[in-house]
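Listed below are the residues making up each chain.
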Amino acid sequence: MSLLIPEKISLSSASSSPGRCPFPTAEYPEVEILDAKTREKLCFLDKVEPHATIAEIKNLFTKTHPQWYPARQSLRLDPKGKSLKDEDVLQKLPVGTTATLYFRDLGAQISWVTVFLTEYAGPLFIYLLFYFRVPFIYGHKYDFTSSRHTVVHLACICHSFHYVKRLLETLFVHRFSHGTMPLRNIFKNCTYYWGFAAWMAYYINHPLYTPPTYGAQQVKLALAIFVICQLGNFSIHMALRDLRPAGSKTRKIPYPTKNPFTWLFLLVSCPNYTYEVGSWIGFAIMTQCLPVALFSLVGFTQMTIWAKGKHRSYLKEFRDYPPLRMPIIPFLL
Amino acid sequence: MAAAAAATAAAKGNGGGGGRAGAGDASGTRKKKGPGPLATAYLVIYNVVMTAGWLVIAVGLVRAYLAKGSYHSLYYSIEKPLKFFQTGALLEVGIVPSSVVLTSFQVMSRVFLIWAVTHSVKEVQSEDSVLLFVIAWTITEIIRYSFYTFSLLNHLPYLIKWARYTLFIVLYPMGVSGELLTIYAALPFVRQAGLYSISLPNKYNFSFDYYAFLILIMISYIPIFPQLYFHMIHQRRKILSHTEEHKKFE
């Protein structure tokens, strides 16, 4: 569709829908959308409803530029400023009767659900390839053989359970505040998850795998840690879900519920991450496998960054945020 | 690539090793806030010391060549100052205004070559490829550190700026060749000795094959080196043509 700035329809013209709108036409705001980098006029919308939201404006913009679907539009008041939120109402923004919005293309987008399903299905499947000792991984004499160590079978159950849980939570539990993320993230994320899954699975299911030094005792303890943390993590996900009604993007301070696993909210802002780290530490102790420990460390680093960010935004948004809470590790971090 | 990254880190922000100058050089019309007087003093001292260090290495090479009458096995005569000053460059990470990622990548790859390859695999120390990258690094670093010194003092001779943004055209490929050939020469010895490698079975269910790791490093030069090289070419065009318009700085 060629870019033509639609003729600015004269607001005082009698031909512009007389008698239909209750407001004098001069009160309808106009919106012009400029490219944030080149300042080129991309679109002009006249007679926009004053109560229109940014989301609605994005939809109107897509009509003239179908290649820029709403998810990849970033509209802001200042070319270098922050993106406006979809829920923001045009009238409430500091604009005159002609609002100038700057547009930036966020690039191809992909839905969070798609990314999560892909990045979690990979490890589930890949680990099983190693567990069943599919040909071309280990020597030919090991093809389709089974490990003689109980802990190896247990580890497969735990690992598979973990990713099945994640897939189900993605489909039925989580309520995402953003619909999409940049497309390149799926490659980055899948490389991380799938790569580490293959690396860990290779050693745990290796014919030369060495079981834990302290034997069944170590495995039992580690399994207990793993199970408790999985239950904890799930409890937090459910609690967070219940904070937010379906389809909304409300944000509230999470509090402990009757479920004892949620009592960790007294001490940390993101107990879901705390439990997740705990699960992987449990798995590392259970398998006594250095790559698992490294995976836990990398995951912990990333989750700490996210937890600190979340903690900071809680503090910014809520004056009465409980002061005892730390981002991810009680009292420490 | 260690050579390439060094120049790139520097060119990116005119930082990358010696701190950023004030408006002293023609990296464009943007004026960067210079460091305070104490920080400037520290940076000047750092850059002067590093320039001196690499000059010591250069002189050491020349003297050893004259004494021996051949250019083979000169590594041994400058081994200690080379290790000292190249490892000392770790101090650049963090005090540098340009990207920490790029700087640390550059320094780490140099340190890797010095310690994890040349030092660790004694048999390659007499290889000519070592001389190739040592010469490339020495010339590059002398120019780079004096560039920073002069920039910090707001008195940058055009010759130094020209050298900084021109000699890399030859020095980069030279350094990269030396590095790759050295790693390649080290391979059979690494394999034979099982150097830095651990195999199954073991208590922590982990394995590492240093031989395969070195091959991966060599392969990584393929995507990385052209990017760094062409970035420098691009910087050269920007910075040297800009100076032409503004006449020589003096």
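Note that the coordinates shown come from a computational prediction; the quantities given were computed from them, not determined experimentally.

Rules used in this analysis
- Residues numbered from 1 in each chain as written.
- Chains lettered and ligands numbered in written order.
- Predicted model: local features only at pLDDT ≥ 70, side-chain atom pairs only at ≥ 80, totals over all residues.
- Heavy atoms only, no water.
- Salt bridge = Lys/Arg side-chain N within 4 Å of Asp/Glu carboxyl O.
- Buried < 20%, exposed > 50% of the residue type's maximum accessible area, 1.4 Å probe, protein only.
- Helix = DSSP H or I, 4+ residues; strand = E, 2+ residues; numbered from the N terminus.
- Contact = heavy atoms within 4.5 Å.
- Buried area = accessible area lost by both parts, 1.4 Å probe.
- Polar contact = N/O pair within 3.5 Å; in protein donor to acceptor, adjacent residues only side chain to side chain.
- Nonpolar A, V, L, I, M, F, W, Y, C, P; charged D, E, K, R; others polar.
- Pairing = 2+ DSSP bridges.
- Axes fitted to C-alpha atoms, helices over the stretch in contact; angles between N-to-C directions.
- UniProt positions renumbered as here; feature names shortened; annotations may be inferred.
- Expected span 1.5 Å × (residues − 1).
- Bend = angle between axes of the 7 residues up to and from the residue.
- Patch = residues over 30% accessible without salt bridge, like charges linked within 9 Å, V, L, I, M, F, W, Y side chains within 5 Å.
- Areas by Shrake-Rupley, 256 points an atom, 1.4 Å probe, with all protein chains shown as cover.
- Lys, Arg positive; Asp, Glu negative; His and termini not counted.
- Charge placed at Lys NZ, Arg CZ, Asp CG, Glu CD.
- Phe/Tyr/Trp six-rings, centres within 6.5 Å; stacked < 30°, edge-to-face > 60°.
- Lys NZ or Arg CZ within 6 Å of the ring centre and 35° of its normal.
- Core = buried A, V, L, I, M, F, W, Y, C linked by side-chain atoms within 4.5 Å.
- Parallel < 35°, antiparallel > 145°, perpendicular 65-115°, else oblique.
- Left-handed = near helix turned anticlockwise from the far one by under 90°.

1. A short note on the pattern of salt bridges
Step number 1: A complete count under the given rule lists 11 salt bridges over all chains for this structure.
Step number 2: Close ionic contact of A:E32 with A:K41 constitutes a salt bridge, the shortest N to O distance being 3.7 Å.
Step number 3: In this structure A:E32 comes out as buried when scored by relative accessible area, which is 14%.
Step number 4: For the salt bridge of B:E141 with B:R144, the shortest nitrogen-to-oxygen distance reads 2.8 Å. Of the two residues, B:E141 and B:R144 are both situated in helix α5 (residues 128-152); the distance of 3 residues between them amounts to about one turn of the helix. Summarising the burial analysis for this pair, B:E141 and B:R144 share the class buried.

2. Points about the interface of chain B and chain A
Step number 1: At the junction of the two partners, chain B supplies 8 residues and chain A supplies 12 residues.
Step number 2: For the pair chain B and chain A, the two sides together bury roughly 900 Å², of which 60% comes from carbon and sulfur.
Step number 3: Three residues, B:L200, B:N205 and B:F206, lead the burial of chain B against chain A; their summed loss comes to 58% of the area buried on that side.
Step number 4: The interface formed by chain B and chain A holds 0 salt bridges in total.
Step number 5: Applying the counting rule to chain B against chain A returns 6 residue pairs in polar contact (both at pLDDT 80 or more).
Step number 6: Residues of the side of chain B that touches chain A, tallied by class, amount to 4 nonpolar, 3 polar and 1 charged.

3. What to know about the sheet that holds strand β2 (residues 41-45) of chain A
All names here are of chain A.
Step number 1: The 4 strands are arranged β2-β1-β4-β3 in an open sheet whose pairing can be described as mixed. Only two strands of the sheet have a single partner each, and these edge strands are β2 and β3 (73-76). Looking at each pair of strands side by side, their axes are set apart by 25 degrees on average, direction ignored.
Step number 2: The pairing of β3 with strand β4 (residues 98-105) spans 4 bridges and is classified as antiparallel.

4. Digging into the UniProt feature "domain: TECR-like N-terminal" (unreviewed entry) in chain A
Step number 1: The UniProt entry lists residues 30-105 of chain A under the feature "domain: TECR-like N-terminal" (unreviewed entry), expressed in the numbering used here.
Step number 2: With 14% helix and 30% strand, residues 30-105 of chain A has end C-alpha atoms that lie 22 Å from one another.

5. A closer look at helix α3 (residues 75-88) of chain B
Counting along an α-helix, one turn takes 3.6 residues, and residues three or four places apart therefore face a common direction.
Residues and elements named next belong to chain B.
Step number 1: With 14 residues, α3 ought to run about 20 Å at 1.5 Å a step, and its terminal C-alpha atoms sit 18 Å apart, in line with that.
Step number 2: Of all bends in α3, the biggest is about 35 degrees, found at P81.
Step number 3: Those residues of α3 that fall on the buried side of the exposure criterion are Y75, I78, E79, L82, K83, F85, Q86 and G88.
Step number 4: Summarising the contacts, the buried residues of α3 are in contact with α2 (37-68), α4 (100-119) and α5.

6. A look at a positive patch on the surface
Residue and element names in this part refer to chain A.
Step number 1: Judged by side-chain charge, K82, K85, K308, R312 and K316 come together as a positively charged surface patch.
Step number 2: Relative to the assigned elements, K85 resides in the loop between β3 and β4.
Step number 3: Its relative accessible area of 47% is what places K85 among the partly exposed residues.

7. A word on the packing of aromatic side chains
Residues and elements named next belong to chain B.
Step number 1: With the rule as written, the count across this model stands at 47 aromatic pairs over all chains.
Step number 2: In this structure, R164 packs its charged tip against the face of Y165, placed 5.1 Å from the ring centre.
Step number 3: Against the face of Y211 rests R191, its NZ or CZ located 4.2 Å from the ring centre.

8. What to know about the side chain of A:T287
Step number 1: In this structure, A:T287 sits in helix α6 (residues 271-287).
Step number 2: A:T287 gets classed as buried once you look at its relative accessible area, which sits at 0%.
Step number 3: Dropping the residues within four chain positions of it, A:T287 is found in contact with A:A155, A:I204, A:Y209, A:V292 and B:N205.

9. Topic: the environment of A:K308
All names here are of chain A.
Step number 1: Mapped onto the secondary structure, K308 falls in helix α7 (residues 290-317).
Step number 2: Take K308: its relative accessible area is 36%, and that puts it in the partly exposed class.
Step number 3: Considering only alpha carbons, one finds K308 and S269, 39 residues apart in sequence, at a separation of 8.7 Å.
Step number 4: Residues contacting K308, with those up to four places away along its chain left out, are P327 and L333.

10. Side note on the pairing of β2(A)
Residue and element names in this part refer to chain A.
Step number 1: In terms of burial, β2 is largely enclosed, as 4 of its 5 residues are buried.
Step number 2: The sheet contact formed by strand β1 (residues 30-35) and β2 spans 4 bridges and is antiparallel. Paired with L34 across the two strands is K41, which belongs to β2.
Step number 3: Linkage of β1 to β2, two consecutive antiparallel strands, is achieved through a turn of 5 residues, within which R39 is found at a positive phi near 60 degrees.

11. So, the pairing of β4(A)
Step number 1: Alignment of β1(A) against β4(A), held across 6 bridges, turns out to be parallel. When the bridges of β4(A) are listed, A:D35 appears paired with A:F103.

12. Observations concerning the nonpolar core
Step number 1: Counting 56 residues, the largest nonpolar core has B:W54, B:L82, B:Y210 and B:L214 as the members making the most contacts within it.
Step number 2: At the level of elements, α2, α3, α4, α5, α6 (158-166), α7 (168-193) and α8 (210-246) of chain B are the ones that each hand at least two residues to this core.
Step number 3: Aside from chain neighbours lying at most four places away, what touches B:Y210 is B:F112, B:A116, B:V117, B:V190, B:L195, B:Y196 and B:S197.
Step number 4: With 33 residues, the next largest nonpolar core counts A:Y127, A:Y131, A:V151 and A:A222 among its residues.

13. Observations regarding the UniProt feature "transmembrane region" (unreviewed entry) in chain B
Residues and elements named next belong to chain B.
Step number 1: Following the UniProt record, the feature "transmembrane region" (unreviewed entry) maps to residues 39-66, 87-118, 130-153, 165-190 and 210-230 here.
Step number 2: Across residues 39-66, helical content stands at 100% and strand content at 0%; the span's end C-alpha atoms are separated by 41 Å.
Step number 3: The straight-line gap between the two end C-alpha atoms of residues 165-190 is 37 Å; of that span, 96% is helix and 0% is strand.

14. Structural notes on the packing of helix α2 (residues 112-131) of chain A against helix α3 (residues 150-172) of chain A
Residues and elements named next belong to chain A.
Step number 1: One way to put it is that α2 packs onto α3 with a least axis distance of 9 Å and a crossing angle of 165 degrees. When the axes of α2 and α3 are compared, the pair comes out roughly antiparallel. Relative to α3, α2 is oriented so that their crossing is left-handed. Contact residues: α2 offers V113, F116, L117, Y120, A121, P123, L124, Y127, L128 and Y131, while α3 offers V152, H153, A155, C156, H159, S160, Y163, V164, R166, L167, T170 and L171.
Step number 2: Here the residues of the contact of α2 with α3 are counted per class, giving 17 nonpolar, 4 polar and 1 charged.

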